[in-house]
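Residues per chain, in single letters:
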Amino acid sequence: MSTEPTVERALFDLHARPERRDAARNRELLLDAAHRLVDRDGAEGVTMDAVAAEAGVGKGTVFRRFGSRAGLMTALLDHTEARWQGLVISGPPPLGPGAPPLERLLAFGASRLDRTIASADLMVAAAGRHGRSGPAVAFWTVHVRHLLTELRVTGDLPLLAMALLAPLDVSIVSQQLDGGVSRERILAAWTDLVERVVAGC
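About the criteria used
Residues numbered from 1 in each chain as written. Predicted model: local features only at pLDDT ≥ 70, side-chain atom pairs only at ≥ 80, totals over all residues. Heavy atoms only, no water. Helix = DSSP H or I, 4+ residues; strand = E, 2+ residues; numbered from the N terminus. Buried < 20%, exposed > 50% of the residue type's maximum accessible area, 1.4 Å probe, protein only. Areas by Shrake-Rupley, 256 points an atom, 1.4 Å probe, with all protein chains shown as cover. Axes fitted to C-alpha atoms, helices over the stretch in contact; angles between N-to-C directions. Parallel < 35°, antiparallel > 145°, perpendicular 65-115°, else oblique. Left-handed = near helix turned anticlockwise from the far one by under 90°. Contact = heavy atoms within 4.5 Å. Nonpolar A, V, L, I, M, F, W, Y, C, P; charged D, E, K, R; others polar. Salt bridge = Lys/Arg side-chain N within 4 Å of Asp/Glu carboxyl O. 1 Å grid on protein atoms, 1.4 Å probe; cavity = no way out; pocket = protein on both sides within 12 Å on 5 of 7 lines; lining within 4 Å. Points joined across faces, edges and corners; volume = space filled by probe spheres on them. Phe/Tyr/Trp six-rings, centres within 6.5 Å; stacked < 30°, edge-to-face > 60°. Lys NZ or Arg CZ within 6 Å of the ring centre and 35° of its normal. Core = buried A, V, L, I, M, F, W, Y, C linked by side-chain atoms within 4.5 Å.

> Just to check I follow, could you spell out the overall build of the protein for this structure?
A tally of helices and strands in the protein yields 10 helices and zero strands. When the elements of the protein are put in sequence order from the N terminus, they spell out α-α-α-α-α-α-α-α-α-α. Expressed as a percentage of the 201 residues in the protein, the buried residues total 41%. When the accessible surface of the protein is split by element, carbon and sulfur atoms take 56% of a total near 10700 Å².

As structure tokens, this is what we get:
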């Protein structure tokens, strides 16, 4: 029996901290407001003043909750990442459980690429040029390693998983898109790479 959900759930809950009900409700209110601003104006439209106005609260409430704009952006990115991880852990196949491991790995890559493209500005605003969250990267790596193990791929799986994730990194994807490389071409190259690794070529 696969232990994947148990392993991944531990990573998924890495940031989880008990919150009072009213604090959790206020956090969701502010994050929902920030999500609306991102959808409407992009990450640059997410300021502490704008979130406060959108949520109908004072700016001090936003600062008390998140500390700074960077803190807000990090929380917003974590919020969207948690939703996506939930789909990987228990959503419908092929991204979620129930599909063959190669189908799941290819679906993971396509979904990860789309998230990187959609959230590139937010990732950079939250974490600088590299746009990485340690717990998020750990989750991706464990998931890819798990699928490689199911596919009977041998070798240094931790580094191999990181090598497969590298082309999906926001800094690389953004550079390629800026250079005129299409999303379809990026995904086709990544799919080819995965299939070669799985085939042992």
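Here the narrative resumes.
> Sorry if this is basic, but what is going on with the packing of helix α2 (residues 21–41) against helix α4 (residues 59–66) here?
Relative placement of two packed helices is described by the angle separating their axes and the distance separating the axes. Running from N to C, α2 and α4 cross one another at 110°; their axes reach a closest spacing of 11 Å. In terms of orientation, α2 lies roughly perpendicular with respect to α4. For the pair α2 and α4, the crossing hand works out as left-handed. Counting all contacts with α2, which are made through Ala23, Arg27, Leu30 and Leu31, the residues of α4 involved are Thr61, Val62, Arg65 and Phe66. Residue composition of the contact of α2 with α4, grouped by class: five nonpolar, one polar and two charged.

> Just to check I follow, could you spell out the pattern of salt bridges for this structure?
Two side chains with opposite charge may pair up if their charged atoms get near one another. Counted by the stated rule, this structure contains nine salt bridges. The salt bridge involving Arg112 is made with Glu81; its shortest N-O contact spans 3.3 Å. Within this pair, whereas Arg112 is found in helix α6 (residues 101–127), its partner Glu81 is found in helix α5 (residues 69–90), the two being separated by 31 residues in sequence. For the pair shown, Arg112 and Glu81 are each scored as buried.

> I keep staring at the layout of surface pockets and nothing clicks. Help me out?
Where empty space is left can be seen by rolling a probe of water-molecule size over the atoms. The calculated volume of the second largest pocket comes to roughly 170 Å³. Mapped by element, the contributors of at least two residues to the lining of the second largest pocket are α2, α5 and α6. Per element, the largest residue contribution to the lining of the second largest pocket is four residues, and it comes from α6.

> Help me understand the packing of aromatic side chains in this model?
Think of a pair of aromatic rings as described by two things: how far the centres are apart, and how the planes are tilted against each other in angle. Under the counting rule described, the total for this entry stands at two aromatic pairs. Consider the rings of Trp84 and Phe108, whose centres lie 5.6 Å apart with planes at 50°: the pair is tilted. Of the two residues, Trp84 is situated in helix α5 and Phe108 in helix α6; the sequence distance between them amounts to 24 residues. An angle of 75° between the planes, with centres 6.4 Å apart, marks the rings of Trp84 and Phe139 as edge-to-face. Residue Trp84 is located in helix α5, and its partner Phe139 is located in helix α7 (residues 134–150); the two are separated by 55 residues in the primary sequence. An aromatic cluster is defined as three or more aromatic residues linked by ring pairs; in this entry it consists of Trp84, Phe108 and Phe139. The ring of Trp84 carries Arg112 above its face, with NZ or CZ at 4.6 Å from the centroid.

> Whenever I open this one, the nonpolar core confuses me. Can you help?
Burial of nonpolar side chains together is a common tendency in soluble globular proteins. Formed by 29 residues in total, the largest nonpolar core has its most connected members in Trp84, Leu105, Phe108, Trp140, Val144 and Leu148. Those elements that place two or more of their residues in this core are α5, α6, α7, α8 (157–165) and α10 (183–199). Among the elements that make up this core, the one with the highest residue count is α7 (seven residues). Excluding anything up to four places from it in sequence, Trp84 contacts Leu95, Phe108, Ser111, Arg112, Arg115, Phe139 and Trp140. The next biggest cluster of nonpolar side chains, apart from the first, holds 23 residues, and it includes Val46, Val51, Met73 and Leu76.

> Even after reading the chapter, I still don't get unusual backbone geometry, so can you show me in this structure?
Keep in mind that most residues, glycine aside, have a negative phi and that most peptide bonds are trans. For the bond from Pro93 to Pro94, the omega torsion is 10°, close enough to zero to count as cis. For Pro94, the position within the fold is in the loop between α5 and α6. With a phi close to 65°, Arg152 is a non-glycine residue in the positive phi region. Using a relative accessible area of 74% as the deciding quantity, one classes Arg152 as exposed.

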